[in-house]
Amino acid sequence: MRWAGGQLLVLLWAFTSRASSLNIPFEVEQPPTITNHTAGPIIALPFDSTLTIRCDAKGNPPPEYRWTKDGQELNLPNIPTIKTDNRNGTFMFHKKHFTQFRGKYRCFAFNKLGTAMTEEIEIIVP
């Protein structure tokens, strides 16, 4: 019986020393989770020069982003005063575009494992 315990100890030592030389990645794939977003409603006031709508998420692989406006896919026009951040779903636009961007927005962060979405963010322009 004593010999079997010693043999088990040797096998355990051999396994753990071999396992420590394996390269096991620490990153585990995970679906997106929204970590920070703009809460609505947002009232765009005349003295505001810009308006920023934020959507940050984490996930592995890193999430991609898309937005909807009033339930339709949002394709931001290629205008120099509209800025987007490719690292997250944040976009900013200048006050001359406020009326064009009034409506209800929703951010979707997605990767191959799933999709996370924000609550609706309403932009109100008086």
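In this convention, every chain numbers its residues from 1, walking through the sequence in written order. Only residues with pLDDT of at least 70 are given local features in this predicted model, and only at 80 or more are side-chain atom pairs given and counted; all residues enter the totals for whole chains, interfaces and linings. Excluding hydrogens and water, the side-chain values take into account all heavy atoms of the structure.

An unreviewed UniProt entry lists the protein chain under the name Ig-like domain-containing protein, with Xenoophorus captivus given as the organism.

A look at the packing of aromatic side chains
Here the aromatic set is Phe, Tyr and Trp, taking the six-membered ring for Trp, and pairing holds for ring centres within 6.5 Å; pairs whose planes are under 30 degrees apart are stacked, those over 60 apart are edge-to-face, and all others are tilted. What the rule picks out here adds up to 6 aromatic pairs. Taking 6.5 Å as the distance between ring centres and 75 degrees as the angle between the ring planes, the aromatic pair formed by W67 and Y105 counts as edge-to-face. Linking W67 in strand β5 (residues 64-69) with Y105 in strand β9 (residues 103-111), this pair joins segments that are 38 residues apart in sequence. Taking 6.0 Å as the distance between ring centres and 25 degrees as the angle between the ring planes, the aromatic pair formed by F91 and F93 counts as stacked. Overall, the relative accessible area of 1% leaves F91 in the buried class. Overall, F93 belongs to the buried group, its relative accessible area being 0%. Only DSSP runs of H or I reaching four residues or more are called helices, and only runs of E reaching two or more are called strands; each is numbered from the N terminus. For every residue, the accessible area obtained with a 1.4 Å probe (protein chains only) is divided by the maximum for its type, and the residue is called buried under 20%, exposed over 50%, and partly exposed between those limits.

Examining the environment of G71
Mapping G71 onto the fold places it in the loop between β5 and β6 (72-73). Sequence separation between G71 and Y105 is 34 residues; the distance between their C-alpha atoms is 7.7 Å.

Focus on the state of the cysteines
One way to say it: the disulfide is the covalent bond shared by the sulfur atoms of two cysteines. Note on terminology: pairs of cysteine sulfur atoms within 2.5 Å are recorded as disulfides. Inspection of the entire model under this criterion finds 1 disulfide. Covalent S-S linkage joins C55 and C107, the inter-sulfur distance amounting to 2.0 Å. A torsion of -75 degrees about the S-S bond marks the disulfide between C55 and C107 as left-handed. Of this pair, C55 sits in strand β4 (residues 55-60) while C107 sits in strand β9, and the two are 52 residues apart along the sequence. Owing to a relative accessible area of 0%, C55 belongs among the buried residues under this scheme. Residue classification places C107 among the buried positions, given a relative accessible area of 0%.

Here's the deal with the pairing of strand β8 (residues 91-94)
With burial as the criterion, only one face of β8 is covered, namely that bearing F91 and F93; the residues M92 and H94 on the opposite face remain uncovered. For two strands to pair, DSSP has to find at least two bridges joining them. Of the strand pairs in this sheet, strand β3 (residues 50-53) and β8 are connected by 4 bridges, and their pairing is antiparallel. In the sheet register, T52 faces β8, and the bridge partner there is M92. Taken together, the 3 bridges between strand β7 (residues 82-84) and β8 define a ladder with antiparallel strand orientation. Across the sheet, T84 pairs through a bridge with F91, a residue of β8.

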